[in-house]
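Letter by letter, the chains look like this.
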Amino acid sequence: MTVLGASQAERRLLPEGRLAGPMPWVIAIMMFLTALAAAGGLAMGSAANRLGADLGRQVTVQIILADTDQRDREAGAAQQLLSHEDGVISARRLGDQEMQTLLRPWLGDAGLDKDIPLPAMIDIDLTGAGRDRLDQIAGAIRAAAPHARIDDHAGFIAPLVGLIRSLGLLAGGIVVMMAGATAAAVVLAARSALNTHRRTIDVMHMMGATDVQVARLFQRRIALDALFGAMVGLLAAIVVIVVLGRRIGEIGSGLVGSIALPGLAWLVLLCLPLLAGLLALLVARITVQRALGQTL
Amino acid sequence: MSGIVQFENVGLRYGTGAETLSDLSFTLAAGGFYFLTGPSGAGKTSLLKMLYLSQRPTRGAIRLFDEDVVQLRRARLPGFRRRIGVVFQDFRLIPHLSAFDNIALPLRIAGVDERDLVTPVREMLAWVGLADRASAHPPTLSGGEQQRVAIARAVIGRPEILVADEPTGNVDPEMAARLLHLFDALNTLGTTIVVATHDIHLLSRVASANVMRLDRGRLQDPTGALRYPPKADGH
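Residues numbered from 1 in each chain as written. Chains lettered and ligands numbered in written order. Predicted model: local features only at pLDDT ≥ 70, side-chain atom pairs only at ≥ 80, totals over all residues.

Participant: Help me understand helix α1 (residues 44-51) of chain B in this model?
Facilitator: For an α-helix, the turn length of 3.6 residues means that residues three or four places apart are oriented alike. All names here are of chain B. Where burial is concerned, most of α1 is hidden: seven out of the eight residues are buried. All of the buried residues in α1 are Lys 44, Ser 46, Leu 47, Leu 48, Lys 49, Met 50 and Leu 51. Following α1 by one or two positions, Leu 53 has its phi on the positive side, about 65°. (Buried ≥ 20, exposed ≤ 12 C-beta atoms within 10 Å, placed from the backbone. Helix = DSSP H or I, 4+ residues; strand = E, 2+ residues; numbered from the N terminus.)

Now the structure itself:
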């Protein structure tokens, strides 16, 4: 039976010392960190996209007037306008109860006096096309309600989205560095294995074995060791990710709560051990062939 | 008989020391039987190493199978090595493989199907008297048994050239005679045999053998005309 390019007889050429060396455990640790970094990066990327998509299309119109009658007239005019405007999904004026709920943390119950002039607030949800023509919509609102102030959520969410995207890129960079460290560990393991089995390799060479035949023995063994280590590391990482996910869910904050791992990201994580095994296989093959190339 | 091996002014130097082998020029005929003899340290093993392509000379030209092997690209070496069987002085059996697997190794390297190699390997084991030791590992075999496995491994692939470095050093006289008979039989089938030995009694066992003598890195009988006992003496 052939496994990863080596027959049963070929596999007997190198004693199966799997898990005897430190490489699988080094790769397990690196896979643990890689999976956490990858999960972080994927969650950040997803959160940034969601925040950008949800909040980036929201606009709030504030009409700040001490004269409540005029305030209500301008608010009504603005709502009327927005109900016919292209690219507007909804335009909803916040009721008194909602306004009081919003202000209670700052003013307390005592401060919510009817004599205090509260602004009229209209939450607007835009389509993508509406987002693109926000300047035109804002101009129309100002024409209908001269005292309207328009707050574009994208403006204040942009630095946060930028930060989250940067963190996601940082996580991606960590994943790349971990892949490099994994490759380095495989190079060291392959060289060590070559030294250990030098005598067997010499005999095989003298009998006409090609470098590819010799490399096949090592790449298979190293790839399987790496695969095992990577699966152990990923399993540990998944436990941590699930526990962290629950903790984040318990916070209940909108922004923090938006950091979640989408379904596709889980698939990516599950593929990481296979990628690690493939990387180990290729690196081991190249390392062994290069080392053998320096001999006769 | 045409020349299967040609050495021309070959010299070998390890590092910066004096030449281990100097000015070796000789031709081995295809299908010939050659003894290479000389005292310890004369350079027999070094000469054999160049013959089985484990060592390149530092000067001179070597042709094997009508090709210049000194300049041969590394990628082509395996093809040449598969045509040469080698019995190493220290056997070089793979300790974690059974006698069967050690003998089967050249066939597996050559890509012979598993089903096709069982019979020849078992026959070879029987021939060297180790039929009941097929699954034994080298550390559990005696020196003589290991040597027989090494010889079986060298000849299993029916090489065009068989190079043996002291192949009878660890076997009793009866087994030595049997092994020489095996070499002779292979020689009859067309294999060129080169046996390095300092056992002077071995030289008379093969009537058709030529004797080359190395002394302090130089070949004393490059033509192979000298025989043991020398023909000129009328033996």
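Participant: Would you mind going over the sheet that holds strand β5 (residues 67-68) of chain B with me for this structure?
Facilitator: Adjacent strands of a sheet pair through backbone hydrogen bonds, lying either parallel or antiparallel. Residues and elements named next belong to chain B. The four strands lie next to each other as β2-β1-β4-β5, forming an open sheet whose pairing is antiparallel. Either end of the sheet is taken by a strand with one partner, and the two such strands are β2 (19-29) and β5. Strand direction decides the pairing type here: strand β1 (residues 3-13) and strand β4 (residues 59-64), joined by five bridges, are antiparallel. Each bridged residue has a counterpart across the sheet, and for Gly 11 the counterpart in β4 is Arg 59. (Pairing = 2+ DSSP bridges.)

Participant: Got a minute to help me understand the nonpolar core in this structure?
Facilitator: Considering soluble globular proteins, one finds that nonpolar side chains tend to be buried as a cluster. Ile27(A), Met31(A), Ala35(A), Ala284(A), Ile103(B) and Val163(B) are the most contacted members of the largest nonpolar core, which has 129 residues in total. Here this core takes 18 residues from helix α2 (residues 23-54) of chain A, the largest share from any one element. Residues within four places of Ile103(B) in sequence aside, it is in contact with Val121(B), Met124(B), Leu125(B), Val149(B), Ala152(B), Arg153(B) and Ile156(B). Val61(A), Leu82(A), Ile141(A) and Ala145(A) belong to the second largest nonpolar core, which has 15 residues in total. (Core = buried A, V, L, I, M, F, W, Y, C linked by C-beta atoms within 7 Å. Contact = placed C-beta atoms within 7 Å.)

Participant: I would appreciate a short explanation of the interface of chain B and chain A in the present structure.
Facilitator: In many reports, interface size means the accessible area that the parts give up when they come together. On the side of chain A, 14 residues touch chain B, which itself brings 19 residues to the contact. Broken down by secondary-structure element, the contributors of at least two residues to the side of chain B that touches chain A are α2 (77-81) and α3 (99-109) of chain B. Considering every element that reaches the side of chain B that touches chain A, the biggest residue donor is α3(B), with five residues. Partitioning the side of chain B that touches chain A into residue classes produces nine nonpolar, three polar and seven charged. (Nonpolar A, V, L, I, M, F, W, Y, C, P; charged D, E, K, R; others polar.)

Participant: Looking at this structure, how should I read unusual backbone geometry?
Facilitator: Glycine aside, the phi torsion of most residues is negative, and most peptide linkages are trans. All names here are of chain B. Positive phi outside glycine occurs at Leu 53, with the angle close to 65°. Locating Leu 53 in the fold gives a position in the loop between α1 and β4. Note on Leu 53: 23 C-beta atoms within 10 Å, which makes it buried. The phi torsion at Glu 166 lies on the positive side, around 50°, for a residue other than glycine. Within the secondary structure, Glu 166 is located in the loop between β7 (161-165) and α6 (173-188).

Participant: Honestly, the sheet that holds strand β8 (residues 192-196) of chain B in this entry has me stumped. Any pointers?
Facilitator: Residue and element names in this part refer to chain B. Spatial strand order, β6-β7-β8-β3-β9-β10: six strands in an open sheet with mixed pairing. Only two strands of the sheet have a single neighbouring strand rather than two, namely β6 (84-87) and β10 (218-219). Strand contacts of helix α5 (residues 143-155): β6 and β7, with the helix running at about 175° to β6, the strand carrying the most contacts. (Axes fitted to C-alpha atoms, helices over the stretch in contact; angles between N-to-C directions.)

Participant: Looking at this model, I keep getting lost on the domain arrangement of chain B. Mind explaining?
Facilitator: All names here are of chain B. Per the domain assignment, the segments making up chain B are domain 1 (3-83 + 159-233) and domain 2 (91-144). Just the C-alpha atoms count here: the centres of domain 1 and domain 2 sit 25 Å apart. Taken together, the contact pairs six residues of domain 1 with four residues of domain 2. Residues belonging to the side of domain 1 that touches domain 2 are distributed by class as follows: three nonpolar, one polar and two charged. (Domains from an automatic or database assignment.)

Participant: Got a minute to help me understand the packing of α2(A) against helix α9 (residues 211-251) of chain A in this structure?
Facilitator: Helix-helix packing is described using two parameters, namely the angle between the two axes and the distance between the axes. All names here are of chain A. One can describe the packing of α2 onto α9 by two numbers: an axis separation of 7 Å at closest approach and a directional angle of 40°. Put simply, α2 runs oblique to α9. Once α2 is placed against α9, the crossing between them reads as right-handed. Every residue of α9 that contacts α2 at Met 23, Pro 24, Trp 25, Ile 27, Ala 28, Ile 29, Met 30, Met 31, Phe 32, Ala 35, Leu 36 and Ala 39 is listed here: Asp 225, Ala 226, Phe 228, Gly 229, Ala 230, Val 232, Gly 233, Leu 234, Ala 236, Ala 237, Val 240 and Ile 241. Class assignment for the residues of the contact of α2 with α9 results in 21 nonpolar, two polar and one charged. (Parallel < 35°, antiparallel > 145°, perpendicular 65-115°, else oblique. Left-handed = near helix turned anticlockwise from the far one by under 90°.)

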